[in-house]
Amino acid sequence: MARFLLCSLLCLIFLASGCGKSDEEEKIEKQIEESTGAEADVDLSRKSMKVSGKTEGGEYTVTSGEGTGIPEGFPEDVFIYRPSKTGMAMEIPQGYSVALTTGDEASKVRSAYSREMEAKGWSEQTSMNMENQSVLVYEKDDRLAN
């Protein structure tokens, strides 16, 4: 899992630095491969980035920036708040991770997740609320969502 988090961090760092040249893609690929031992294929565009590769655990893909969407195959029973923008999406053998942003108040978003996740059959296991930040953990069958 640390490998996938490192890949995500590299995506965000290089996206923020404005890289986008072919030689930069090769440099990033080499850094990812050296630090993780995983094969990496980096595709940078002007305002987005996609990293995909393979490890002994399976294939992974991390995308960030403009045009990033919810990954195909993302579980339909996991609520996605709208209006929101997908800033980062990661697909790994163990599941998915998405980072969403919205201009709505945190309390409104928190209420929507509580209502909609339970309506989709998930049960809340833990919640932590701090001003404009919340962590909600749900369980359904043998799966977790947070």
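The structure we're discussing is the one just above.
Because the structure is a prediction, the values reported are computed rather than measured.

Asks: Looking at this structure, I do not really get the pattern of salt bridges. What am I missing?
Replies: A side chain of one charge can pair with a side chain of the opposite charge if their charged atoms are brought near each other. A complete count under the given rule lists 6 salt bridges for this structure. The salt bridge involving Asp77 is made with Lys140; its shortest N-O contact spans 2.8 Å. With a gap of 63 residues between them, Asp77 in the loop between strand S3 (58–65) and strand S4 (85–92) and Lys140 in strand S7 (residues 133–140) connect regions that are remote in the sequence. Considered together, Asp77 and Lys140 belong to a single accessibility category, that of buried residues. Each of Asp77, Lys140 and Arg143 takes part in salt bridges that share partners, so that together they form one network.

Asks: What is the right way to read the pairing of strand S2 (residues 48–55) from this model?
Replies: In terms of burial, S2 is a largely internal element, 6 of the 8 residues being buried. Inspection of the sheet shows strand S1 (residues 39–44) paired to S2 by 6 bridges, in the antiparallel sense. Considered in S2, the bridge of Leu44 is made with Met49. When S2 meets S3, the two strands line up antiparallel, connected through 8 bridges. Pairing of Ser48 across the sheet is with Gly65, part of S3. Joining the antiparallel neighbours S2 and S3 is a turn of 2 residues.

Asks: Looking at this model, I keep getting lost on a nonpolar patch on the surface. Mind explaining?
Replies: A cluster of nonpolar side chains, contributed by Met128, Met130 and Val135, occupies part of the molecular surface with about 240 Å² of accessible area. With respect to the element layout, Met130 can be found in strand S6 (residues 123–130).

Asks: Hey, could you run me through the packing of aromatic side chains in this one?
Replies: Geometrically, a pair of aromatic rings is defined through the distance of the ring centres and the angle of the planes. Here the structure, examined in full by the defined rule, presents 3 aromatic pairs. Here the aromatic rings of Phe74 and Tyr96 are separated by 5.5 Å at their centres, their planes lie at 65 degrees, and the arrangement is edge-to-face. Of this pair, Phe74 sits in the loop between S3 and S4 while Tyr96 sits in strand S5 (residues 95–101), and the two are 22 residues apart along the sequence. Accessibility expressed as a relative area gives 30% for Tyr96, which makes it partly exposed. A centroid spacing of 4.8 Å and a plane angle of 75 degrees characterise the contact between Phe79 and Tyr113, whose relative ring orientation is edge-to-face. In this pair, Phe79 sits in the loop between S3 and S4 while Tyr113 sits in helix H3 (residues 106–119), placing the two residues 34 residues apart along the sequence. For Phe79, a relative accessible area of 15% corresponds to the buried category. The exposure class assigned to Tyr113 is buried, which follows from its relative accessible area of 18%.

Conventions and cut-offs
- Residues numbered from 1 in each chain as written.
- Predicted model: local features only at pLDDT ≥ 70, side-chain atom pairs only at ≥ 80, totals over all residues.
- Heavy atoms only, no water.
- Salt bridge = Lys/Arg side-chain N within 4 Å of Asp/Glu carboxyl O.
- Helix = DSSP H or I, 4+ residues; strand = E, 2+ residues; numbered from the N terminus.
- Buried < 20%, exposed > 50% of the residue type's maximum accessible area, 1.4 Å probe, protein only.
- Pairing = 2+ DSSP bridges.
- Patch = residues over 30% accessible without salt bridge, like charges linked within 9 Å, V, L, I, M, F, W, Y side chains within 5 Å.
- Areas by Shrake-Rupley, 256 points an atom, 1.4 Å probe, with all protein chains shown as cover.
- Phe/Tyr/Trp six-rings, centres within 6.5 Å; stacked < 30°, edge-to-face > 60°.

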